[in-house]
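# A structural walkthrough
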Amino acid sequence: ETTREKERGLGMALILSFFVFCFFFLCNRNRLKASREVESVDLPHCHLIKGIEAGSEDIDILPNGLAFFSVGLKFPGLHSFAPDKPGGILMMDLKEEKPRARELRISRGFDLASFNPHGISTFIDNDDTVYLFVVNHPEFKNTVEIFKFEEAENSLLHLKTVKHELLPSVNDITAVGPAHFYATNDHYFSDPFLKYLETYLNLHWANVVYYSPNEVKVVAEGFDSANGINISPDDKYIYVADILAHEIHVLEKHTNMNLTQLKVLELDTLVDNLSIDPSSGDIWVGCHPNGQKLFVYDPNNPPSSEVLRIQNILSEKPTVTTVYANNGSVLQGSSVASVYDGKLLIGTLYHRALYCEL
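For the structure given in this document, a descriptive report is provided here.

What counts and how
- Residues numbered from 1 in each chain as written.
- Predicted model: local features only at pLDDT ≥ 70, side-chain atom pairs only at ≥ 80, totals over all residues.
- Heavy atoms only, no water.
- Patch = residues over 30% accessible without salt bridge, like charges linked within 9 Å, V, L, I, M, F, W, Y side chains within 5 Å.
- Areas by Shrake-Rupley, 256 points an atom, 1.4 Å probe, with all protein chains shown as cover.
- Salt bridge = Lys/Arg side-chain N within 4 Å of Asp/Glu carboxyl O.
- Helix = DSSP H or I, 4+ residues; strand = E, 2+ residues; numbered from the N terminus.
- Buried < 20%, exposed > 50% of the residue type's maximum accessible area, 1.4 Å probe, protein only.
- Lys, Arg positive; Asp, Glu negative; His and termini not counted.
- Contact = heavy atoms within 4.5 Å.
- Pairing = 2+ DSSP bridges.
- Axes fitted to C-alpha atoms, helices over the stretch in contact; angles between N-to-C directions.
- Disulfide = S-S within 2.5 Å.

### Let's talk about a nonpolar patch on the surface
Where nonpolar side chains cluster on the molecular surface, the patch consists of Phe193, Leu194, Tyr196, Leu197 and Leu201 and spans about 470 Å² of accessible area. Residue placement: Tyr196 occurs in helix 2 (residues 192-200). Taking relative accessible area as the criterion, Tyr196 reaches 52% and is therefore assigned exposed.

### Quick notes on the side chain of Glu57
Within the secondary structure, Glu57 sits in strand 2 (residues 56-61). Buried Glu57, no salt bridge; nearest opposite-charge side chain is Lys74, N-O distance 13 Å. Excluding its chain neighbours within four sequence positions, the residues that come into contact with Glu57 are Ser70, Leu73, His118, Gly119, Asp272, Asn273, Ser335, Val336, Thr348 and Leu349.

### Examining the environment of Leu43
Looking at the secondary structure, you find Leu43 in the loop between helix 1 (2-31) and strand 1 (46-48). For Leu43 and Lys160, which are 117 residues apart along the polypeptide, the C-alpha to C-alpha distance reads 40 Å. Apart from residues lying up to four places away in sequence, Leu43 is in contact with Val323, Tyr324, Leu344, Cys356 and Leu358.

### Details of the sheet that holds strand 20 (residues 283-288)
Spatially, 19-20-21-22 is the arrangement adopted by the four strands of the open sheet, whose pairing is antiparallel. Each edge of the open sheet is held by one strand with a lone partner, namely strand 19 (270-276) and strand 22 (319-326). Across this sheet, the average inter-strand angle for adjacent strands is 25 degrees, counted without regard to direction. With five bridges connecting them, strand 20 and strand 21 (residues 305-311) associate as antiparallel partners. Bridged to Trp284 within strand 21 is Arg309.

### Comments concerning the sheet that holds strand 13 (residues 206-211)
The strand order 11-12-13-14 describes an open sheet built from four strands, whose pairing is antiparallel. At either margin of the open sheet sits one strand with a lone partner, and together these are strand 11 (170-177) and strand 14 (216-223). Neighbour-to-neighbour, the strand axes of the sheet open up by a mean angle of 15 degrees, direction not taken into account.

### Here we look at the state of the cysteines
Summed over the entire model, instances satisfying the criterion amount to one disulfide. A sulfur-sulfur distance of 2.1 Å marks the disulfide that ties Cys46 to Cys356. Here Cys46 and Cys356 share a disulfide; its torsion about the S-S bond, 110 degrees, makes the bridge right-handed. On the criterion of sequence distance, the pair formed by Cys46 in strand 1 and Cys356 in strand 25 (residues 354-357) is long-range, its members being 310 residues apart.

### Focus on the pattern of salt bridges
Counted according to the given criterion, the structure contains ten salt bridges. Two residues, Lys33 and Asp268, come together in a salt bridge whose shortest N-O distance is 2.6 Å. Residue Lys33 is found in the loop between helix 1 and strand 1, and its partner Asp268 is found in the loop between strand 18 (259-266) and strand 19; the two are separated by 235 residues along the sequence. Exposure remark for Asp268: the relative accessible area of 45% places this residue in the partly exposed category. We note a salt bridge from Asp282 to Arg309, for which the minimum N-O separation is 2.8 Å. Of this pair, Asp282 sits in the loop between strand 19 and strand 20 while Arg309 is found in strand 21, placing the two residues 27 residues apart along the sequence. Residue classification places Asp282 among the buried positions, given a relative accessible area of 6%.

### Considering unusual backbone geometry
Positioned with a positive phi, Glu139 is a non-glycine residue whose angle comes to about 55 degrees. As for its position among the elements, Glu139 is in the loop between strand 8 (130-136) and strand 9 (143-150). Judged by its relative accessible area of 63%, Glu139 is exposed. Residues other than glycine seldom take positive phi values, yet Asp235 does so here, at roughly 65 degrees.

This is how it looks when you write it as structure tokens:
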């Protein structure tokens, strides 16, 4: 009887494990929007940007029309079209009649061979100095690199590498000072296996951290997977994309740099990076309609792309418009959309980039 009880107990445990696995699998299918297909929404005046072949995960545009591209991101579990080529920063002058992307030189002493850029953000100081903040994953570690942009030389001068225990899995960043920023951690853990477990168990341990040379602190938490982050034109609000929860969080920024959540906008897509139109305050979002296609790459059924424009996010009923959508035949895995003076740039996690005139 003891043996029979053990067999029965083992059988029940296997059945329970099966149901637990199925439960989490079904939950994750929903989180990944694994069954969603996208209907094309085309823009008439678009072309692929020459020189970007292996991703342009994030884009940030200065008020003078200079656009910075973070290119060549490599990440465990993600496809790459150039696995052996280091990442870099490209620049495009959107005021040129026919803008083209050029790679920026980076000052000597910076480790270019392991450069693996992710989210980026610019900050213009009172003396007009332009700083570029770059989330970097050298050998899949987590740092934030601070550069000074030297426009005359088309180069970046490396100033500082930031590492901190409160920045274990940095995804994106929004600069609020010459050495000050908010950053999202898309996971609580830095270890790849623990990250997978954290996602699988849906722990909601991701957070937002404020960093300054004098103070580092967690200012918002409880996200499924905090991803894109940006700041409103009046500097009063921080916007955070929770990619696996399909949400954009609006948080009020206080004088002590703490954040208080005001509202959550729910969407039907995986929201990645957030860009702000400085003239209107509209939020432009690079989205993944189907996350499963993104993470399980099939060239015959590639990940699709989607760009949303969100107007009046602080109102009771914000307007959400699908500006662009493609099934992957042109653009695979859109991660960012940035606008400047009637021009739209769409970047991707590991594919090409698109230039459109609206």
